[in-house]
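# Observations on the model geometry
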Amino acid sequence: KQEVTQIPAALSVPEGENLVLNCSFTDSAIYNLQWFRQDPGKGLTSLLLIQSSQREQTSGRLNASLDKSSGRSTLYIAASQPGDSATYLCAVRTSNAGNNRKLIWGLGTSLAVNP
Amino acid sequence: NAGVTQTPKFRVLKTGQSMTLLCAQDMNHEYMYWYRQDPGMGLRLIHYSVGEGTTAKGEVPDGYNVSRLKKQNFLLGLESAAPSQTSVYFCASRDWVQETQYFGPGTRLLVL
């Protein structure tokens, strides 16, 4: 059974720091991995999606990597800003066929970037 | 485009009451989902739909029913609300090709 773990659960950093959020999964047979952002009281916004055949994806100051063999993904945030404060969730889509592909969610890392 | 919208934003129910949560998307997406989010439990899939007129059970379907009569709408019903259904409910949608899910802003439900 696929399980997704995100460590740490909470992180507080000063503005300007580069930081790494971690996501680990137990079954390396995945279809893709996604990173989402959730602001307090709001819905989720997709940040990056990495297909199983890819090693990394970049969007602005964000870079997500994927190492299937070790069951790990990292989200790198460069030059962090107070506006980056949010909860970041990792989700793995299983590699079952067609409509049986499930999205398995981590509990998230709550990030606070202090001015 | 409004994206994914949810109605209502907040609701208080008494145990045993019924209600329907409405999700609407204007992106012509085939797939739609209903999740609940609880502290320490993460997001859990309640029901989903792979197209108009179809529905399927997710991880925690008991106590909920859904309908997808129109492609753009996905309704989640609670026939007899219980305090255990106090949660934040999120709707999401995606199309056939893209794997990215687009989420609504959520509905906060309190069952007393």
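Structure's up top.
This section reports on the structure supplied with the text. Just so we're clear, the structure is a prediction, and the values are computed from it rather than from any experiment.

### Topic: the overall build of chain B
Helix and strand content of chain B: 0 helices and 11 strands. Starting at the N terminus and walking to the C terminus, you meet the elements of chain B as β-β-β-β-β-β-β-β-β-β-β. Its C-alpha atoms give chain B a radius of gyration of 13 Å, near enough to 13 Å, the size a compact globule of 112 residues would have. Each of the three principal axes of chain B carries a C-alpha extent, and together these read 40 × 25 × 25 Å. Counting the 112 residues in chain B, one finds 49% classified as buried. For chain B, long-range pairs separated by at least 24 residues make up 55% of all intrachain contacts whose partners lie at least 6 apart in sequence. With an accessible surface of roughly 5400 Å², chain B has 54% of that area assigned to carbon and sulfur atoms.

### Describing the packing of aromatic side chains
Under the defined criterion, the tally for this structure stands at 10 aromatic pairs over all chains. A ring pair is formed by Phe36 of chain A and Phe103 of chain B, whose centres lie 5.8 Å apart and whose planes are at 85 degrees; its orientation type is edge-to-face. In this pair, Phe36 of chain A sits in strand 4 (residues 30-38) while Phe103 of chain B sits in strand 10 (residues 102-103), so the two residues belong to two different chains. Both rings, one in Tyr33 of chain B and one in Tyr48 of chain B, keep their centres 6.3 Å apart while their planes meet at 25 degrees; by these two values the pair is stacked. Of this pair, Tyr33 of chain B sits in strand 4 (residues 31-38) while Tyr48 of chain B sits in strand 5 (residues 42-49), and the two are 15 residues apart along the sequence. Here the two residues Tyr33 of chain B and Tyr48 of chain B agree in accessibility, since each one is buried. Feature note: the residues Phe36 and Trp105 of chain A together with Tyr31, Tyr33, Tyr35, Tyr48, Phe90 and Phe103 of chain B constitute an aromatic cluster, connected by ring pairs. Positioned over the ring face of Tyr31 of chain B is Arg94 of chain B, at 4.1 Å from the centre of the ring.

### Some details on the sheet that holds strand 3 (residues 19-25) of chain B
Residues and elements named next belong to chain B. Here we have 4 strands laid out as an open sheet, ordered 1-3-8-7, and antiparallel in their pairing. Edge positions in the sheet fall to strand 1 (4-7) and strand 7 (65-67), since each of these pairs with one other strand and no more. Direction aside, neighbouring strands of the sheet carry axes that sit 20 degrees apart on average. Two strands pair when backbone bridges link them, and strand 1 and strand 3 are joined in this way by 4 bridges, in the antiparallel orientation.

### What about the pattern of salt bridges?
Here the structure, examined in full by the defined rule, presents 7 salt bridges over all chains. The partner of Asp38 of chain B in a salt bridge is Arg44 of chain B, and the shortest N-O contact between them spans 2.9 Å. For the pair formed by Asp38 of chain B and Arg44 of chain B, the shared burial category is buried. When salt bridges with common partners are traced through the structure, they connect Arg93 of chain A together with Arg94 and Glu99 of chain B into a single cluster.

### Considering the side chain of Gln38 of chain A
Of note, Gln38 of chain A is situated in strand 4. Residue class for Gln38 of chain A comes out buried when judged on its relative accessible area of 10%. Within the local environment of Gln38 of chain A, its side chain forms a polar contact with the backbone oxygen of Lys42 of chain A, the two atoms lying 3.0 Å apart. For Gln38 of chain A, the side chain forms a polar contact with the side chain of Gln37 of chain B, separated by 3.0 Å. The contact partners of Gln38 of chain A, leaving out residues within four places of it in the chain, are Gly43, Leu44, Ala86, Thr87 and Leu89 of chain A together with Gln37 and Phe90 of chain B.

### A short note on the nonpolar core
With 22 residues, the main nonpolar core has Leu33, Trp35, Leu75 and Ile77 of chain A as its most contacted residues. Every element with two or more residues in this core is listed here: strand 3 (19-25), strand 4, strand 5 (44-51), strand 7 (62-67), strand 8 (72-77), strand 9 (86-94) and strand 11 (109-114) of chain A. Setting aside residues up to four positions removed in sequence, Leu75 of chain A forms contacts with Leu19, Val20, Leu21, Trp35, Leu47, Leu48, Leu62, Asn63, Ala64 and Tyr88 of chain A. If you look at the next biggest cluster of nonpolar residues, it comprises 18 residues, including Met32, Trp34, Phe74 and Leu78 of chain B.

### Some words on the sheet that holds strand 8 of chain A
Residue and element names in this part refer to chain A. Strand order in the open sheet formed by 5 strands is 1-3-8-7-6, with antiparallel pairing between adjacent strands. Sheet topology places strand 1 (4-7) and strand 6 (56-59) at the edges, where each strand pairs with a single neighbour. Going across the sheet, the axis of each strand differs from the next one's by a mean of 15 degrees, ignoring polarity. Pairing between strand 7 and strand 8: 6 bridges, direction antiparallel. Bridge pairing links Leu66 to Ser73 in strand 8.

### Considerations on a nonpolar patch on the surface
Together, Phe10, Val12, Leu110 and Leu112 of chain B make up a nonpolar patch on the protein surface, roughly 370 Å² of accessible area in all. Within the fold, Leu110 of chain B resides in strand 11 (residues 107-111).

Calculation criteria
Residues numbered from 1 in each chain as written. Chains lettered and ligands numbered in written order. Predicted model: local features only at pLDDT ≥ 70, side-chain atom pairs only at ≥ 80, totals over all residues. Heavy atoms only, no water. Helix = DSSP H or I, 4+ residues; strand = E, 2+ residues; numbered from the N terminus. Rg over C-alpha atoms; globule rule 2.2 N^0.38 Å. Buried < 20%, exposed > 50% of the residue type's maximum accessible area, 1.4 Å probe, protein only. Contact = heavy atoms within 4.5 Å. Areas by Shrake-Rupley, 256 points an atom, 1.4 Å probe, with all protein chains shown as cover. Phe/Tyr/Trp six-rings, centres within 6.5 Å; stacked < 30°, edge-to-face > 60°. Lys NZ or Arg CZ within 6 Å of the ring centre and 35° of its normal. Pairing = 2+ DSSP bridges. Axes fitted to C-alpha atoms, helices over the stretch in contact; angles between N-to-C directions. Salt bridge = Lys/Arg side-chain N within 4 Å of Asp/Glu carboxyl O. Polar contact = N/O pair within 3.5 Å; in protein donor to acceptor, adjacent residues only side chain to side chain. Core = buried A, V, L, I, M, F, W, Y, C linked by side-chain atoms within 4.5 Å. Patch = residues over 30% accessible without salt bridge, like charges linked within 9 Å, V, L, I, M, F, W, Y side chains within 5 Å.

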